[in-house]
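# Observations on the model geometry
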Amino acid sequence: MSDEIKRQAVPIYVPVIAIDGPSGSGKGTIAHRVASRLGFHVLDSGALYRLLGAAAKRHAVSIENEAALEVLAAHLDVQFTVDAQGEAVILLEGEDVSREIRTEEAGRVASQVAVLPKVRNALLARQQAFREAPGLVADGRDMGTVVFPNADLKIFLTASAEARAERRYKQLLEKGFGASLAALIDDIRARDTRDTERSIAPLKPADGALVLDSTDLGIDAVVQRVFDEAKKAPALAKFLI
Ligand SMILES: Nc1ncnc2c1ncn2[C@@H]1O[C@H](COP(=O)(O)OP(=O)(O)OP(=O)(O)O)[C@@H](O)[C@H]1O
Ligand SMILES: Nc1ccn([C@H]2C[C@H](O)[C@@H](COP(=O)(O)O)O2)c(=O)n1
């Protein structure tokens, strides 16, 4: 045996912040702001369910055909990129679907395919693979309960259905989509019911999650609350110095 010191690779711990909550509560906005400050990656898990819905439409697969959707989910050909202006671009089978998957219809279909256990299982490892150094902020419905149950910080972000519908209304108009506020409230309530009442990975606060109601809180105030909590988590505090 030589005196040579054998170097062993020390695995790097990759922290995760899980942000869950209902549609329009601000998860994506907060996740991007927090990730940008920390230099972390972002997982928009809802986009995967939306993409699966779009893939089902392209391949004429019924959204009730769980076996076929499981195969589609396992082979989903997606790329998350940015364009020259730094805007997020999502490619499905090489085609830019960034706009198509952001419609209310795409959200409804995503919520319908998301109730299927085989679909959720097929997307699980793909979501967990987003956990890369230096860290990840993951947004969705089951980030803290199922996908990253050991997350360093769990936030459950919520707001009244009316506040969320109003935010969505403004957002859709800004993007050039037509919208009706009354229809959005109905839609949000229907989606809340489906997401919270499904038998697998229902939307609910994870054990230990900080529940933040943003009905009367602006974006900056929510981000500050998240950082206040992050400072208390040993694996995250060093990124906030
Ligand atoms: N605290 C807040 N106060 C006011 N507006 C907000 C707040 N948080 C987010 N918004 C706005 O609400 C809209 C919806 O936010 P966002 O898309 O981040 O929600 P989401 O929870 O990710 O929705 P979804 O789950 O449907 O993707 C955006 O236009 C965003 O700027
Ligand atoms: N972790 C997740 C993320 C999303 N879904 C489902 C349920 C949502 O209604 C739908 C669209 O999500 P959004 O883009 O609005 O965040 O996808 C889920 O079940 N689990």
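Rules of the game
Counting restarts for each chain: residues are numbered from 1 in the order of the written sequence. By the order in which they are written, chains take letters starting at A while ligands take numbers starting at 1. Given that this is a predicted model, residues contribute local features only at a pLDDT of at least 70 and side-chain atom pairs are listed and counted only at 80 or more, while totals for whole chains, interfaces and linings are drawn from all residues. The basis for every side-chain value is the complete set of non-hydrogen atoms in the structure, without hydrogens or water. UniProt positions are given in the numbering used here, feature names are shortened, and annotations may be inferred rather than shown by experiment. Only runs of H or I of at least four residues qualify as helices and only runs of E of at least two qualify as strands under DSSP, and these elements are numbered from the N terminus. Two N or O atoms count as a polar contact when they lie within 3.5 Å, although within protein this holds only if one can serve as hydrogen donor and the other as acceptor, and sequence-adjacent residues are included solely when both atoms are side-chain atoms. Burial classes: relative accessible area under 20% of the type maximum marks a residue as buried, over 50% as exposed, and values in between as partly exposed (1.4 Å probe, protein chains only). Contact definition: two residues touch when any of their heavy atoms are within 4.5 Å. For salt bridges, the criterion is a side-chain nitrogen of Lys or Arg within 4 Å of an Asp or Glu carboxyl oxygen. Here, nonpolar core refers to any group of buried Ala, Val, Leu, Ile, Met, Phe, Trp, Tyr and Cys residues whose side-chain atoms link them within 4.5 Å. Two rings from Phe, Tyr or Trp (for Trp, the six-membered ring) form a pair when their centres sit within 6.5 Å of each other. Planes less than 30 degrees apart are called stacked, planes more than 60 degrees apart edge-to-face, and all others tilted. By definition here, charges over rings are those cases where NZ of Lys or CZ of Arg is within 6 Å of the ring centre and within 35 degrees of the ring normal. Strands are labelled as partners when DSSP assigns at least two bridges between them. Lines fitted to the C-alpha atoms define the axes, with helices restricted to the stretch that makes contact. Angles between their N-to-C directions range from 0 to 180 degrees. It suffices for a single heavy atom of a residue to lie within 4 Å of a molecule or strand for the residue to be listed as near it. Only the protein chains shown count as cover for residues, and the accessible areas themselves come from Shrake-Rupley with a 1.4 Å probe.

Here the focus is the UniProt feature "binding site: ATP" (unreviewed entry) in the chain. Summarizing the sequence annotation, UniProt attributes the feature "binding site: ATP" (unreviewed entry) to Gly21, Pro22, Ser23, Gly24, Ser25, Gly26, Lys27, Gly28 and Thr29 in the numbering used throughout. Tracing the chain through its elements places Lys27 in helix H1 (residues 27-38). A polar side-chain atom of Lys27 sits 3.0 Å from the main-chain carbonyl oxygen of Pro22. With respect to the helices, strands and loops of the structure, Thr29 is situated in helix H1. A relative accessible area of 38% places Thr29 in the partly exposed class.

A few words on helix H4 (residues 104-113). Counting buried positions along H4 yields 7 of 10 residues, so the element is predominantly enclosed. Within H4, burial applies to Glu104, Ala106, Gly107, Val109, Ala110, Ser111 and Val113. Buried positions along H4 lie against helix H2 (45-58), helix H3 (66-74), helix H5 (117-128), helix H7 (161-174) and helix H8 (181-197).

Our next topic: the pattern of salt bridges. Within this structure, the stated rule accounts for 13 salt bridges. A salt bridge links Glu100 to Arg58; the nearest nitrogen and oxygen atoms lie 3.0 Å apart. Taken together, the positions of Glu100 in the loop between strand S5 (95-96) and H4 and Arg58 in helix H2 put the pair 42 residues apart, joining distant regions of the chain. Across the salt bridge formed by Lys232 and Glu229, the nearest N and O atoms sit 2.9 Å from each other.

Take the nonpolar core next. In terms of nonpolar packing, the biggest core is built from 33 residues, with Leu51, Leu52, Leu69, Leu76, Leu92 and Phe148 touching the most fellow members. Elements with a contribution of two residues or more to this core: strand S1 (16-20), H2, H3, strand S4 (88-92), H4, H5, strand S6 (136-140) and helix H6 (143-147). Sort the elements by how many residues they give to this core and H2 lands first, with 8 residues. Every residue in contact with Leu92, bar those within four places of it in the chain, is listed here: Leu51, Ala54, Ala55, Arg58, Leu76, Asp77, Val78 and Val97. In this structure, Ile17, Phe40, Leu210 and Leu212 belong to the second largest nonpolar core, which totals 22 residues.

Time to look at the packing of aromatic side chains. Scanning the entire structure with this criterion turns up 2 aromatic pairs. Both rings, one in Phe40 and one in Phe239, keep their centres 4.8 Å apart while their planes meet at 80°; by these two values the pair is edge-to-face. Here the residue Phe40 occupies a position in the loop between H1 and strand S2 (41-44), and Phe239 occupies one in the segment after helix H10 (234-237), the gap between them amounting to 199 residues. On the basis of an interplanar angle of 80° and a centroid distance of 5.9 Å, the ring pair of Phe80 and Phe130 is categorised as edge-to-face. In this pair, Phe80 sits in strand S3 (residues 78-82) while Phe130 sits in the loop between H5 and S6, placing the two residues 50 residues apart along the sequence. Here Phe80 falls in the partly exposed class, since its relative accessible area comes to 36%. Sitting over the face of the ring of Phe227, Arg37 holds its NZ or CZ atom 5.6 Å from the ring centroid. In this arrangement the basic side chain of Arg99 is found over the ring face of Phe177, its NZ or CZ atom lying 4.3 Å from the centre.

Attention now goes to the sheet that holds S3. Strand order across the open sheet formed by 3 strands is S3-S4-S5, with antiparallel pairing between neighbours. Only two strands of the sheet have a single partner each, and these edge strands are S3 and S5. The strands touched by H2 are S3, S4 and S5; relative to S4, the strand with the most contacts, the crossing angle is about 40°.

This paragraph deals with the site of ligand 2. In the neighbourhood of ligand 2, 15 residues make up the surrounding shell, with Arg50, Arg120, Arg191, Asp195 and Arg198 lying closest. Taking Arg50, its side chain carries an N or O atom lying 2.6 Å from an oxygen atom of ligand 2. Take Arg120: an N or O atom from its side chain is 2.8 Å from an oxygen atom of ligand 2. Contact with the protein chains hides 97% of the accessible area of ligand 2, taken as 450 Å² for the molecule alone. Elements with a minimum of two residues in the shell around ligand 2: H2, H4 and H8.

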